[in-house]
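Understanding the architecture of this molecule
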Amino acid sequence: MRMYTSVLRIRFLNGLQYRTAAYAGIATQLFFGFIFIMIYIAFYNQAPEQPDLSLQQVVSYIWLQQICLSLVMLWVRDPEIFELITSGNIAYELCRPSSIYPFWYSKLLAQRVANMTLRCAPVTIIVLFLPEPYRLTIPTSFITFLAFLVTLLLALLLVVAISMLIYISVFWTMSPTGSVLLFAVLGEFLAGLVIPIPLMPQWMQLITYAFPFRWTVDFPFRVFNEHVQGSELIIGICNQVGWLVVMLSVGYWIMKKAIRAVVIQGG
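Let me begin by describing the structure that accompanies this report. Worth saying up front: this structure is predicted, and the values here are computed from it rather than measured.

Focus: the packing of aromatic side chains
Applying the stated criterion across every chain yields a total of 15 aromatic pairs. Ring plane angle 80° and centroid distance 5.9 Å describe the contact between Y101 and Y252, whose orientation is recorded as edge-to-face. Highlighted residues: Y101 in helix α7 (residues 100-128) and Y252 in helix α12 (residues 230-261), separated in sequence by 151 residues. Taking the relative accessible area as the measure of exposure, Y101 reaches 5% and is therefore buried. Site record: aromatic cluster; members linked through ring pairs are F31, F32 and F36. Above the ring of Y209, the side-chain terminus of R214 is found at 4.0 Å from the ring centroid.

Brief notes about helix α3 (residues 55-67)
Compared with an ideal rise of 1.5 Å per residue, which puts 13 residues at 18 Å, α3 spans 18 Å between its outermost C-alpha atoms and is within 8% of the ideal. When you tally the buried positions in α3, you get eleven out of 13 residues, the bulk of the element. When α3 is considered as a whole, its buried residues turn out to be Q57, V58, V59, S60, Y61, I62, W63, L64, Q65, Q66 and I67.

Details of the side chain of N225
Checked against the element boundaries, N225 lands in the loop between α11 (218-224) and α12. Among the polar contacts listed, one links the side chain of N225 to the backbone oxygen of Q57, at a separation of 2.9 Å.

Section: the pattern of salt bridges
On inspection of all chains with the given rule, the structure shows four salt bridges. For the salt bridge of E80 with K107, the shortest nitrogen-to-oxygen distance reads 3.4 Å. Taken together, the residues E80 in helix α5 (residues 79-87) and K107 in helix α7 connect sequence positions 27 residues apart. With its nearest N and O atoms 3.0 Å apart, the salt bridge here joins R222 to D218. With R222 and D218 both in helix α11 and four residues apart, this pair spans about one turn of that helix. A single burial state applies to R222 and to D218, both of which are buried. Overlapping salt bridges, with partners in common, bring together R214, D218 and R222 in one network.

Parameters and conventions
Residues numbered from 1 in each chain as written. Predicted model: local features only at pLDDT ≥ 70, side-chain atom pairs only at ≥ 80, totals over all residues. Heavy atoms only, no water. Phe/Tyr/Trp six-rings, centres within 6.5 Å; stacked < 30°, edge-to-face > 60°. Helix = DSSP H or I, 4+ residues; strand = E, 2+ residues; numbered from the N terminus. Buried < 20%, exposed > 50% of the residue type's maximum accessible area, 1.4 Å probe, protein only. Lys NZ or Arg CZ within 6 Å of the ring centre and 35° of its normal. Expected span 1.5 Å × (residues − 1). Polar contact = N/O pair within 3.5 Å; in protein donor to acceptor, adjacent residues only side chain to side chain. Salt bridge = Lys/Arg side-chain N within 4 Å of Asp/Glu carboxyl O.

And the structure:
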């Protein structure tokens with residue numbers, strides 16, 4: 001266990017060095033946040049009836065997407081791992097006195113946390129002091145905020161477990177592009193990153209419940225907005241834990257199969 005925590009710490013410190021990229025990312029996130037909010041303001045002004053989420057809640061939902069971008073986006077990836085698999089350098093990983101799955105999981109987790117650490121505070125401070133209706137609205141209850149942190153942590157662990165499947169699939173496809181596009185496009189739509197799930201048609205909302213993606217974005221963000229409370233909150237956390245156990249178990253099992261079947265330099 002100490003080995004994996006050391007990998008987590010080293011990778012995290014290494015990720016903190018890329019400050020220039022983080023500053024550019026902050027400007028980009030603010031720009032797209034304003035664009036999306038303007039679109040929803042126009043939508044709400046013309047809506048014949050009040051949607052399930054208020055405009056204020058949607059604005060907070062959009063800013064949470066930008067603040068937590070590095071934590072929840074499936075297209076965030078590590079090219080080094082893809083290169084190890086496609087080039088055959090995975091042989092060096094097999095020589096390590098450790099299991100590859102938790103080793104890579106630790107690296108990916110640290111990468112996301114480091115990126116979020118550099119961008120979170122500046123974006124949060126800016127959007128908290130914007131004029132209405134562009135301002136991020138914080139929860140009225142401290143308990144709600146704590147619940148949000150718990151659900152966001154579980155969401156992060158689940159996102160990394162899902163992204164591990166992308167890397168493992170490359171053992172067979174040898175094409176990172178196809179795997180990333182399939183998971184990113186489908187997963188981010190079902191997670192509520194394109195359209196908040198409460199604004200989807202009812203039949204489409206039911207489809208999202210059959211996949212783990214909505215528990216990585218939609219659920220923690222609606223907890224922050226106080227749209228999910230009481231028994232629904234407890235059931236949602238149980239679903240997050242359940243999907244996390246499933247994704248970790250499936251990923252570890254498939255990784256073992258991939259390692260046994262891997263062929264390096266024809267041998």
